[in-house]
Amino acid sequence: MGPVFRACLLLATCAAAVRLCAVEPWGTVLDSSGAPIATLSRTDDRGAAVLADGELAAGAAAVRFVPGTVRVGRIELADRALTFFGEGTTLASDGGEAGMFRLDGADAAHRWTFRDIAFEGPAAGASVPHDGGAIDCRGGGLSLIGCSFSGLRARFSGGAVTAVAMDGDVVVSNCTFSGNSAGPLNGLGGAIYASGAAEGTELLIADSRFVGNCAENGGAIATFHVWDETEVPQSVKIVGATELAENAALYQGGAVYAEGPFAASGSNVLFRANVAGNGGGAIAVNGVEDLSEPVGVTLADGVTFAQNRVVTNVTWTAGGAVCVMKPGCRIDVCRAVFSNNTAKTEHCGEPAYGGAVYTAEDCTNEFRLTAFVGNDAGNAEKSWCFGGAVSAAGGRTTIDTCVFDCGEMPTEKCYGNAVDFEETETRILNSTFRRGRVEAVSAYNGTLSVTNCVLVGNGAACDLFVEGTTAFAMGYSAYGGRQLDVGVTVTADDFNLADRRADDVYDGGTLRLRGSGFNPVAGLG
């Protein structure tokens, strides 16, 4: 072999080695006009994409990931307004003690935006980050548009996304979160955890799906303040064609756990088959003490709760669909539907409250133009049951133009097949209560006003159970209540009581029937 041939062979070998060692770019940096200004190719010793803030080119406005699957180790950036987007791109977590993205922002002008990217969790057995399996954002603002997040995990908060002490809103639009989880370190938000740097920031969810996520509190979404005085819970707003289904929480909020204001509205918003172990099969609202105003809960314009449940064998349960644990909240429910939600406990002697809704003391509750169908509370063999559809513990409640088709509530140790109120100032107007196995309405130690209501076929016991309560019934009509003569004290004003059966009202307090020439129970036979 001659020297010239040996030299050529050496050069060819070196060139092949260079080609072999070359790393394909995994992204392109774009300026504000969309023109490329740099490529990104650095990887760690496992071959996963990494990027530090100092490596990003000046004038960078966006990062475009290459098509296909990119394994990501750690991308860590600060104080920018930057968009990440893909073209048929999947970003797969390489595992580790930190999530894929750590993004810091000093103020609301620093907004991080992700578009059209699929995020996937690491392989089984990989290390799990403390927060934000895909994105851990601290400050600034965050937008997620057209993205999917699946199989991501965090030990504490935000199985897929954590957004902490945010200066701006967190916006989620046209995204899917499936099979993400947070825990076991007091896991909050199986898919998303969010908090604000100050009151007034919002977590907005629009046209998105959350399916099969789980956490200790807030199976899909949690807003919390993590015991840090620099944080407050973000308000939550859910709109558009958004579904939260089959999410689970070990304790509270099968789909959502909120410590700040919460609102869901629109006929295409659906909470379905979510489950919690203590309170709020779909939504649990608690709250911190130092917010400037009482926490408000708004459910309106066709939002539907179906087949959500709270079930446990160790403690009490409350609110098969919605549980408001924070005293002093404001709850406004208008044109909503609650169907076949349940709150049950298998623990002997522990109570179950509110098959659909439970509210804590001193709350102000308004239910208007809302349907409650087939909701159920309790297990009579093992527990006491209060309020098949609604249970309120104190405060003020108004029910106006609602329909209650009662569920299969047990006939023993149960109060209020439709509604139960304890130490509550309650007004019920223009509403219908049907098919209760026990009394439709139960009130204990409060005031109850019933105006122009119809109670039909509540045949197992009676229509109203009133104990220690001052009650007023105006235009009250009852059909099919069983006779239950317990020595009720009744005062009547212009009522024709000649045909009145023994009793359709059980009263251990004071009952006043008000009307003019109206016989509430005549002709029932």
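As the structure is a computational prediction, the values presented were derived from the model and not from experiment.

### Things to note about the sheet that holds strand S34 (residues 317-318)
Stage number 1. With respect to topology, four strands assemble into an open sheet ordered S34-S39-S44-S47, the strand pairing being parallel. If you trace the sheet from one side to the other, it starts and ends with S34 and strand S47 (414-415), each paired once.
Stage number 2. Bridge count between S34 and strand S39 (residues 352-353): two bridges; the pairing is parallel. If you follow threonine 317 over to S39, its bridge partner there is alanine 352.

### Comments concerning the packing of aromatic side chains
Stage number 1. All told, the structure shown has 21 aromatic pairs when counted by the stated rule.
Stage number 2. Aromatic side chains phenylalanine 84 and phenylalanine 114 sit 4.7 Å apart centroid to centroid with 15 degrees between the ring planes, which places their arrangement in the stacked category. Of this pair, phenylalanine 84 sits in strand S6 (residues 82-93) while phenylalanine 114 sits in strand S8 (residues 111-120), and the two are 30 residues apart along the sequence. Note on accessibility: phenylalanine 84 and phenylalanine 114 belong to one class, buried.
Stage number 3. Centroid distance phenylalanine 367 to phenylalanine 372: 6.0 Å. Interplanar angle 65 degrees. Geometry classified as edge-to-face.
Stage number 4. On the basis of relative accessibility, which here comes to 1%, the residue phenylalanine 372 falls in the buried class.
Stage number 5. Joined through ring pairs, the aromatic side chains of Trp26, Phe65, Phe84, Phe101, Phe114, Phe119, Phe149, Phe177 and Phe210 make up one cluster.

### So, the confidence of the model for the protein
Stage number 1. Per-residue pLDDT for the protein has a mean of 82; in total, 76% of the residues score no lower than 70.
Stage number 2. Overall, residues 7-22 carries pLDDT values under 50, and its contacts beyond four positions in sequence, including any with other chains, amount to zero contacts.
Stage number 3. Every residue in residues 474-525 scores below 50 in pLDDT, and together they form 131 contacts with partners more than four places removed in sequence or on other chains.

### Looking at the sheet that holds strand S43 (residues 376-377)
Within a sheet, each strand pairs with its neighbour through backbone hydrogen bonds, oriented either parallel or antiparallel.
Stage number 1. Taken together, eight strands build an open sheet; the order of strands is S12-S16-S20-S25-S29-S33-S38-S43 and the sheet is parallel. Only two strands of the sheet have a single neighbouring strand rather than two, namely strand S12 (153-154) and S43.
Stage number 2. Relative to strand S33 (residues 309-312), strand S29 (residues 275-276) runs parallel, the two sharing two bridges. The partner of valine 275 across the bridge, within S33, is arginine 309.

Calculation notes
Residues numbered from 1 in each chain as written. Predicted model: local features only at pLDDT ≥ 70, side-chain atom pairs only at ≥ 80, totals over all residues. Heavy atoms only, no water. Pairing = 2+ DSSP bridges. Helix = DSSP H or I, 4+ residues; strand = E, 2+ residues; numbered from the N terminus. Phe/Tyr/Trp six-rings, centres within 6.5 Å; stacked < 30°, edge-to-face > 60°. Buried < 20%, exposed > 50% of the residue type's maximum accessible area, 1.4 Å probe, protein only. pLDDT = per-residue confidence, 0-100. Contact = heavy atoms within 4.5 Å.

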